[in-house]
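Remarks on the overall topology
Below, each chain spelled out in residue letters.
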Amino acid sequence: MRISERLTMLTFPVGQGYLWRDGSSLTLIDTGIAGSGEQIAQAVAGLGLDPADIERVVITHAHNDHMGSAAEVRGWHGAQVLAHRAEADVVRGIAPPGIPVMADWEVEIFVATLPHVPPAPPCPVDVELVGGEVLDFGGGAHVVPVPGHTDGSVAVFLPAHGVLFTGDTIAFHEGRTILGVLNTDPERAVASMRVQADLGAETVCFGHGEPLVTGGASALRAAVSRLE
C-alpha cells in the first residue's frame, strides 16, 4: 500500500512493516514474520529499486512478527540492523522475549495469533539503540523509547515529514486508535502512548491496523483521553 511518495506499507500474514524512501536509499521499519523476504523484495522492485538499496532495518521491538525476516534482509547485501539495547539479544536469539501481562480477553488474541507466527531466525544487531538518537533518514529520524509493550520498544518519528512509526505500542482496530495489546507492562505502555500523542505526528503508522494518513495527533490524543 503506497501511503505517500516516500512511504509504503507492507502487510504480512501477521503484522505490518514500512519502507521509507530517500531517493534511492531505503529504510525498512520491521520485517514481518520469517519468510517475508520475497514480499519485501517485490515491494522494493515495485518502487523501481533493488533490495541492495535497503540500507538499514529498524526493529521496533523483538517479537517474531516484527523481526522475523531481519536476518534474511540483512543477508542480501549487509543492511544495518538496529534494535534497542534492552532486547538486542532477543533479536540475536540468545535471550527470551518478555512475557505479556494479559487480561482475560487478551488470552484469546494470544492463542489465536501465536500458531501463525514462526520463530524468527537469529539476526545480528549492528547498532544498539537507547533512545534519543537521530538516524540518517527521513530528514532526521528520532528514536523515541516507548517501553511497555516490551522493555525495548521504540517508536520512530520523522519531524520533517510528520510521520510516526509506533510498532505495537498503539494499534488501529474497528475504526479506532487504541492502546496496543499483549503488553509486558500495561502502565508503562499507557505512559508511552501519551509520549507519542504529544509528538504532533500527522501520519501514524501502526504495527497492526490501517495507518492514519492525516489527523494522527488528534486521534492519538483522543485515544489517550479514553484511557483516563
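The secondary structure content of the protein chain amounts to seven helices and 13 strands. A globule of 228 residues ought to have a C-alpha radius of gyration of about 17 Å, and the protein chain, at 16 Å, matches this closely. Principal-axis analysis of the C-alpha atoms places the extent of the protein chain at approximately 45 × 35 × 30 Å. Summarising the internal contacts of the protein chain: among those between residues at least 6 apart in sequence, 65% fall at separations of at least 24. Of the roughly 9800 Å² of accessible surface on the protein chain, a fraction of 54% belongs to carbon and sulfur atoms. In the protein chain, the 12 positive side-chain charges and the 27 negative ones have mean positions that sit 5 Å from each other.

Where helix α1 (residues 37-46) contacts helix α3 (residues 70-77), the axes come no closer than 9 Å and their chain directions differ by 55°. With respect to their mutual orientation, α1 and α3 come out oblique. Residue-level contacts link G37, E38, I40 and A41 of α1 to E72, V73 and W76 of α3. In the contact of α1 with α3, the residues fall into four nonpolar, one polar and two charged.

In this section: the side chain of D65. With respect to the helices and strands, D65 occurs in helix α2 (residues 64-67). R188 is the oppositely charged side chain nearest to the buried, salt-bridge-free D65, at an N-O distance of 19 Å. Of note is the side chain of D65, whose polar atom sits 3.5 Å from the side chain of H66. Looking at D65, its side chain comes within polar contact range of the side chain of H208, at 3.2 Å. If we ignore the near neighbours within four places in the chain, the residues touching D65 are V14, G32, I33, V117, D168 and H208.

Across the sheet, which stays open at both edges, the five strands sit in the order β7-β8-β9-β10-β13 with mixed pairing between neighbours. A strand with exactly one partner marks an edge of an open sheet, and here the two such strands are β7 (134-135) and β13 (203-206). Sheet topology places strand β9 (residues 154-158) next to strand β10 (residues 163-167); three bridges connect them, and they run antiparallel. Across the sheet, V156 pairs through a bridge with F165, a residue of β10.

Attention shifts here to the nonpolar core. Residues L19, L28, I40, I54 and V57 are the most contacted members of the largest nonpolar core, which totals 26 residues. Ignoring any residue separated from it by four or fewer positions in sequence, one finds V57 in contact with L28, T31, V73, A79, Q80, V81 and L82.

We now examine helix α7 (residues 216-227). If you check α7, its first and last C-alpha atoms are 17 Å apart, about what 12 residues at 1.5 Å a residue would give, namely 16 Å. Every buried residue belonging to α7 is among G216, A217, A219, L220, A223 and V224, and all of these are buried. Down the axis of α7, the smallest arc covering the buried residues is 165°, so these residues share one side. Packed against the buried residues of α7 are β10, β11 (170-173), β12 (176-179), α6 (186-197) and β13.

Before going further, it helps to examine the side chain of H63. Position of H63 relative to the elements: it lies in the loop between β4 (54-58) and α2. For H63, the contacting residues outside a window of four places in its chain are H149 and T150.

This paragraph deals with the pairing of β12. Sheet analysis places β11 next to β12, joined by four bridges and oriented antiparallel. Residue H173 lies in a different strand from β12, and its bridge partner there is R176. Here β11 folds back onto β12 in antiparallel fashion, the turn holding two residues, of which E174 has a positive phi close to 50°.

Let us look at the pattern of salt bridges. Scanning the model with the defined rule gives seven salt bridges in all. Notably, a salt bridge pairs R56 with E55, separated by 3.6 Å at the nearest N-O pair. Residue E55 is classed as partly exposed on the basis of its relative accessible area of 43%. A salt bridge links R188 to D151; the nearest nitrogen and oxygen atoms lie 4.0 Å apart. Residue R188 is found in helix α6, and its partner D151 is found in the loop between β8 (141-145) and β9; the two are separated by 37 residues along the sequence. Shared partners join several salt bridges into a network, and the residues in it are R85, D89, R92 and E128.

Here is what the cut-offs are and how they apply
Residue positions within a chain follow its written sequence, with the count starting from 1. Totals for whole chains, interfaces and linings use all residues, but because this is a predicted model, local features are given only for residues with pLDDT of at least 70 and pairs of side-chain atoms are given and counted only at 80 or more. As a rule here, side-chain values come from all non-hydrogen atoms in the structure, and water together with hydrogens is ignored. Counting from the N terminus, the helices are the DSSP runs of H or I reaching at least four residues and the strands are the DSSP runs of E reaching at least two. For the radius of gyration, the atom set is restricted to C-alpha positions; the globular benchmark scales as 2.2 Å times the number of residues to the power 0.38. Here, residues are in contact when the closest pair of their heavy atoms is within 4.5 Å. Computed with a 1.4 Å probe, the accessible areas rest on the Shrake-Rupley method; for each residue, only the protein chains presented here act as cover. For the purpose of charge, His is not counted, nor are the chain termini; Lys and Arg are scored as positive and Asp and Glu as negative. The location of each charge is read from NZ of Lys, CZ of Arg, CG of Asp or CD of Glu. All axes here are fitted lines through C-alpha atoms, helices being fitted over the stretch that makes contact, and every angle between N-to-C directions spans 0 to 180 degrees. In this scheme, roughly parallel covers angles under 35 degrees and roughly antiparallel covers those over 145, while 65 to 115 is roughly perpendicular and the rest are oblique. Gly is put with the polar residues, along with every residue not named as nonpolar or charged; the nonpolar set is Ala, Val, Leu, Ile, Met, Phe, Trp, Tyr, Cys and Pro, and the charged set is Asp, Glu, Lys and Arg. We call a residue buried when its accessible area falls under 20% of the maximum for its residue type, exposed when it is over 50%, and partly exposed in between, using a 1.4 Å probe and counting protein chains only. The term salt bridge refers to a pairing of a side-chain nitrogen on Lys or Arg with a carboxyl oxygen on Asp or Glu at a separation within 4 Å. Polar contact criterion, stated in full: a pair of N or O atoms within 3.5 Å, where within protein one must be able to donate a hydrogen and the other to accept it, and residues adjacent in sequence count only if both atoms are side-chain atoms. Strand pairing is defined by DSSP finding a minimum of two bridges between the two strands. Throughout, nonpolar core names a set of buried Ala, Val, Leu, Ile, Met, Phe, Trp, Tyr and Cys residues whose side chains join them through atoms within 4.5 Å. The span you would expect from a helix comes to 1.5 Å times its residue count less one. Each C-beta atom gives one direction from the helix axis, and the arc is the one those directions make.

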